[in-house]
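# Notes for the structure review
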Amino acid sequence: MTDTTTPAYSLEFFPPRDIAAQERLLRAAKQMLAIHPRYVSVTFGAGGSTREGTAGTVRTLRNLGVDAAPHLSCVGATLADLRAILASYREEGVRQVVALRGDLPSGMGGDAGELKYARDLVAFIRKETGDWFHIEVAAYPEMHPQADNPSRDLDHFVDKVRAGADSAITQYFFNPDAYFDFIERVAAKGVSVPIVPGIMPITNHTQLARFSQMCGAEIPRWIRLRLAEFGDDKASIRSFGVDVVTDLCRKLLDGGAPGLHFYTLNSAEAPLAIWKNLTSKV
Ligand code: FAD
């Protein structure tokens, strides 16, 4: 059995939109330092909408003494934009990025950018900056929603690794078998980079249903039914969510997952509760 006290934890935040949200983020991040994250990451609004916010949040988090990895997406970006962003991160001493294609917000339309896929962005980062950055990419155990089929999507994931990615973080999922099946299929292609499960805490039924609809993550029927039954009872949803996600994390770590990447949504409560469950000795 894996020692669940030693896996590499990482935490994902999004850039806050105002001062109050910024203060909440800082408070949450400080609380979550108890987890001793290997690094934290900060999302990027595709098309550059959070360019300054992402960079500023990375700076704030690095000032807490933790390694921080900005996300960077190529959709809607010119090579000059990407080059400038990479150069400024490099100047600041950032050593890790999460390289994505991204999705332009609906209604933004316009230019799709000079690079089409995340694979092209990974190759561009390697060409421009050599081995300076540790590059993370996204992986989809339940298939990316726009992919033709699981095999082709897997091939596209493998392309990203062959283009120079060092490791991957998955889209969230609630069925551990989807992850283990994906890991096996990736290994069969001769690819062995660490693939860390992305973990979405369950705290809000409506929000989770909306996210899942957009990103193609399946909420198992039994979880949907339980959440529906709780209605507006937030405390029950949170308590059920912590139990379900703790159980998922245990199965993943026991099955050999190299770590866990929490989608924190800038809130410490659920990730901390799950982490405490995982590290308690009972
Ligand atoms: P890609 O790997 O390029 O794949 C996109 C689609 O294109 C897939 O269907 C793939 O199968 C297909 N494809 C890839 N290569 C080819 C090819 N050569 N020919 C034909 N088809 C191909 N979004 C944001 O906007 N900001 C963020 O900060 C952000 N962070 C994320 C973090 C994680 C861990 C994850 C899992 C997702 C994140 N996303 C973010 C969402 C992500 O941008 C979307 O899922 C997006 O639709 C795909 O990005 P990708 O990097 O996986 O794209």
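Further up the page is the structure itself.
Fair warning: this is a prediction, and the values are worked out from it, not measured in the lab. (Residues numbered from 1 in each chain as written. Predicted model: local features only at pLDDT ≥ 70, side-chain atom pairs only at ≥ 80, totals over all residues. Heavy atoms only, no water.)

This part is about the nonpolar core. The biggest cluster of nonpolar side chains holds 85 residues, and the ones touching the most others in it are Phe157, Tyr172, Phe174, Ile195, Ile202 and Leu260. For this core, the element with the most residues is helix α9 (residues 234-254), which contributes nine residues. Every residue in contact with Ile195, bar those within four places of it in the chain, is listed here: Ala139, Phe157, Ala168, Thr170, Tyr179, Phe182, Ile183, Val186 and Pro258. (Core = buried A, V, L, I, M, F, W, Y, C linked by side-chain atoms within 4.5 Å. Buried < 20%, exposed > 50% of the residue type's maximum accessible area, 1.4 Å probe, protein only. Helix = DSSP H or I, 4+ residues; strand = E, 2+ residues; numbered from the N terminus. Contact = heavy atoms within 4.5 Å.)

The next point concerns the sheet that holds strand β6 (residues 167-172). A barrel is described by the order of its strands in space; here eight strands give the closed sequence β1-β2-β3-β4-β5-β6-β7-β8, paired in parallel fashion. Taken pair by pair, the neighbouring strands of this sheet meet at an average axis angle of 30°, ignoring direction. As paired elements, strand β2 (residues 39-42) and strand β3 (residues 68-73) share three bridges and run parallel to each other. Within β3, the position partnered with Ser41 by the bridge is Ala69. Running over the sheet, helix α2 (residues 51-62) touches β1 (8-13), β2 and β3 and is turned about 170° from β3. Of the strands in this sheet, β3, β4 (96-100) and β5 (134-139) touch helix α4 (residues 118-129), which is tilted by about 145° from β4. (Pairing = 2+ DSSP bridges. Axes fitted to C-alpha atoms, helices over the stretch in contact; angles between N-to-C directions.)

What follows concerns the packing of α2 against helix α3 (residues 79-92). At a minimum axis separation of 12 Å, α2 and α3 run at an interaxial angle of 15°. On the basis of their axis angle, the class for α2 and α3 is roughly parallel. The two elements α2 and α3 cross, and the hand of that crossing is right-handed. Contacts from Arg51, Thr54, Ala55, Arg59 and Arg62 of α2 reach α3 at Asp81, Ala84, Ile85, Tyr89 and Glu92. Each residue belonging to the contact of α2 with α3 can be placed in one class, and the counts come to four nonpolar, one polar and five charged. (Parallel < 35°, antiparallel > 145°, perpendicular 65-115°, else oblique. Left-handed = near helix turned anticlockwise from the far one by under 90°. Nonpolar A, V, L, I, M, F, W, Y, C, P; charged D, E, K, R; others polar.)

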